[in-house]
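What follows is each chain in one-letter form.
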Amino acid sequence: MGDYQVAGVQQDALGAVQLEIGGNPNTLALRRPFDPLAHDLEASFRLTRFADLKGRGCKVPQEVLNKLVEGLQQDYNSAEHEHAHFMHMAIPRIGIGLDCSVTPLRHGGLCLVQTTDFFYPLVDDPYMMGKIACANVLSDLYAMGVTECDNMLMLLGVSTKMTEKERDVVIPLIMRGFKDSALEAGTTVTGGQTVVNPWCTIGGVATTVCQPNEYIVPDNAVVGDVLVLTKPLGTQVAVNAHQWLDQPERWNRIKLVVSEEDVRKAYHRAMDSMARLNRIASRLMHKYNAHGATDITGFGLLGHAQTLSSHQKNEVSFVIHNLPVIAKMAAVAKACGNMFQLLQGHSAETSGGLLICLPREQAAAYCKDIEKQEGYQAWIIGIVEKGNRTARIIDKPRVIEVPAKE
């Protein structure tokens, strides 16, 4: 962990972290929400301000990314041709997969599965931000049915705009949140890299060595399958609405459809959802014979559904009828001029649920089982029908209001 010795992080800051945790770090109910004043920071301190990109887009457009990946895949395929000695192996050489890179190893039928992700702060609680970042990295493994992670690295960008005091409070909390989430996933953080950056960034790398039966190649959907989603939509809307509580000109646009209390509840539901691991959802994919899955993140429900459908072996398409949304967030999205495109499936999610293709007769049992094990619902949101590998949301989808847990 030598890379993580950020200059100036003091022991008393780590003591403050211990105060924050207040017991079992994985039990959110035991933990006090982050209070800047408890750390001698200004009451107005907001971690999300260190993500301000001054109007720059912080996401590469999906069509641009697809072209880049296609080019990399072509390079990969030509390299594969040159290394034909791999061909005797019984492992499919997936390469740049849907959510992870899967590479056959030289050693007896094993594969290296890797993924990486990082982003800017989107909640104001540093500990929760660390948990969300770690859950988000691991989610790509879980989307491929890989439930065990062998190792994680942490990637941290410390904002040049932070004062020493802010840095000494915030960075240990982020690291602790990331580490606690990794422990919850049954893995450890053994290294990484910390740099100074104009904006704060947090993310990591997850790596697993596994046998072919441990992952589910996401290309086997058949006509008659149903689509299951394991977390509600609306995290971006909830996070933005919470920031608008401090911005009267923004708040005035939505206050007719939502109360401050509604926004705070939605924000905490969103944080809780984003920090929750998709590990149980992934484990149950094996039990209920899933035909493929992806996780819903920055390109929204429809963006990721389209990517998953485009990878199918069979001539199928996905049709989405139901949209489970954090309570009141559909109304907020509508009230601010549809800027999020939530009901059109384009609103970005962070550390969202798994979108899973399941046999029709297994889906209800899957949803019942996940609720029994996790205490959280999953929803059947659509069907797989014959088609040309596309995905769409019907004109007037049913919005399912998902209440905040008290």
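Residues numbered from 1 in each chain as written. Predicted model: local features only at pLDDT ≥ 70, side-chain atom pairs only at ≥ 80, totals over all residues. Heavy atoms only, no water.

### Remarks on the state of the cysteines
Thinking step 1. This model, assessed by the stated rule, comprises 0 disulfides.
Thinking step 2. Looking at Cys100, it has no disulfide partner, and the nearest cysteine sulfur is the one in Cys210, 9.2 Å off. (Disulfide = S-S within 2.5 Å.)

### Considering the pattern of salt bridges
Thinking step 1. Counting across every chain of the model gives 10 salt bridges.
Thinking step 2. As a salt-bridge pair, Glu374 and Arg276 come within 3.7 Å of each other at their nearest N and O atoms. With Glu374 in helix α11 (residues 360-374) and Arg276 in the loop between α7 (260-275) and α8 (279-287), this residue pair connects regions lying 98 residues apart in the sequence.
Thinking step 3. Given the relative accessible area of 9%, Arg276 is considered buried. (Salt bridge = Lys/Arg side-chain N within 4 Å of Asp/Glu carboxyl O. Helix = DSSP H or I, 4+ residues; strand = E, 2+ residues; numbered from the N terminus. Buried < 20%, exposed > 50% of the residue type's maximum accessible area, 1.4 Å probe, protein only.)

### Focus: the packing of aromatic side chains
Thinking step 1. Across all of its chains, the model carries 5 aromatic pairs by this definition.
Thinking step 2. Relative to Phe50, the ring of Phe45 lies with its centre 5.9 Å away and its plane at 40°, an arrangement referred to as tilted.
Thinking step 3. Between the aromatic rings of Tyr120 and Trp199, the centroid separation amounts to 6.3 Å while the plane-to-plane angle is 85°, which identifies the pairing as edge-to-face. With Tyr120 in the loop between β3 (111-119) and α3 (126-143) and Trp199 in the loop between β5 (189-197) and β6 (201-210), this pair connects stretches of sequence that are 79 residues apart.
Thinking step 4. Residue Tyr120 is classed as partly exposed on the basis of its relative accessible area of 24%.
Thinking step 5. Following the ring pairs from residue to residue traces out a cluster consisting of Phe34, Phe45 and Phe50. (Phe/Tyr/Trp six-rings, centres within 6.5 Å; stacked < 30°, edge-to-face > 60°.)

### What about the nonpolar core?
A general tendency of soluble globular proteins is for nonpolar side chains to be buried together.
Thinking step 1. Ranked by internal contacts, the top residues of the largest apolar core, which has 95 residues, are Val123, Leu138, Met152 and Phe318.
Thinking step 2. Excluding residues that lie within four positions of it along the chain, Met152 makes contacts with Cys134, Val137, Leu138, Phe178, Ala182, Thr187, Thr188, Val189, Thr190, Gly191, Val205 and Ala206.
Thinking step 3. Judged by nonpolar contacts, the second largest core, of 19 residues, contains Ala143, Ile280, Ala281 and Ala290. (Core = buried A, V, L, I, M, F, W, Y, C linked by side-chain atoms within 4.5 Å. Contact = heavy atoms within 4.5 Å.)

### Considerations on the packing of helix α5 (residues 235-244) against α7
Thinking step 1. Where α5 contacts α7, the axes come no closer than 8 Å and their chain directions differ by 135°. One finds that α5 runs oblique with respect to α7. Taken as a pair, α5 and α7 cross one another with a handedness that is left-handed. Along its contact with α5, which presents Thr235, Ala238, Val239, Ala241 and His242, the element α7 presents Val263, Arg264, Ala266, Tyr267, Ala270 and Met274. (Axes fitted to C-alpha atoms, helices over the stretch in contact; angles between N-to-C directions. Parallel < 35°, antiparallel > 145°, perpendicular 65-115°, else oblique. Left-handed = near helix turned anticlockwise from the far one by under 90°.)

### Thoughts on helix α4 (residues 164-184)
Thinking step 1. Here α4 spans 30 Å end to end across 21 residues, near enough to the 30 Å set by a 1.5 Å rise per residue.
Thinking step 2. A positive backbone phi angle near 80° is found at Gly186, which sits one or two residues after α4. (Expected span 1.5 Å × (residues − 1).)

### Some points on the packing of α8 against α11
Thinking step 1. Contact geometry for α8 and α11: axes closest at 10 Å, N-to-C directions at 145°. The element α8 and its partner α11 pack so that their crossing is right-handed. Contacts from Ile280, Ala281, Leu284, Met285 and Lys287 in α8 reach Tyr366, Asp369, Ile370, Gln373 and Glu374 in α11.
Thinking step 2. Residue composition of the contact of α8 with α11, by class: 6 nonpolar, 1 polar and 3 charged. (Nonpolar A, V, L, I, M, F, W, Y, C, P; charged D, E, K, R; others polar.)

### Observations regarding the environment of Lys179
Thinking step 1. Tracing the chain through its elements places Lys179 in helix α4.
Thinking step 2. Here Lys179 falls in the partly exposed class, since its relative accessible area comes to 39%.
Thinking step 3. Distance from Lys179 to Met154, taken between C-alpha atoms, is 8.9 Å for residues 25 residues apart in sequence.

### What about the confidence of the model for the chain?
Thinking step 1. Overall, the predicted model of the chain reaches an average pLDDT of 87, with 81% of residues at or above 70.
Thinking step 2. Segment residues 1-29 is flagged for pLDDT under 50; beyond a separation of four residues in sequence, or across chains, it makes 57 contacts in the model.
Thinking step 3. For residues 79-96, every residue scores under 50 in pLDDT, and the model assigns this stretch 27 contacts once sequence neighbours within four places are set aside. (pLDDT = per-residue confidence, 0-100.)

### Some remarks on the side chain of Asp180
Thinking step 1. Mapped onto the elements, Asp180 comes out in helix α4.
Thinking step 2. The buried category is assigned to Asp180, whose relative accessible area is 3%.
Thinking step 3. Reaching out from Asp180, the side chain makes a polar contact with the side chain of Tyr127 at a distance of 2.8 Å. (Polar contact = N/O pair within 3.5 Å; in protein donor to acceptor, adjacent residues only side chain to side chain.)

### Regarding the sheet that holds strand β9 (residues 316-326)
Sheets are built from strands that pair by backbone hydrogen bonding, the pairs being arranged parallel or antiparallel.
Thinking step 1. If you trace the 6 strands from one edge of the open sheet to the other, you get β8-β10-β7-β11-β9-β12, paired in mixed fashion. If you trace the sheet from one side to the other, it starts and ends with β8 (292-295) and β12 (391-402), each paired once. On average, each strand axis in the sheet is inclined to that of its neighbour by 20°, with strand direction left out of account.
Thinking step 2. Two elements, β8 and strand β10 (residues 354-358), share 4 bridges in a ladder whose sense is antiparallel. Bridged to Asp295 within β10 is Leu354.
Thinking step 3. On the sheet, α3 packs against β8 and β10 and is oriented at approximately 170° with respect to β8. (Pairing = 2+ DSSP bridges.)

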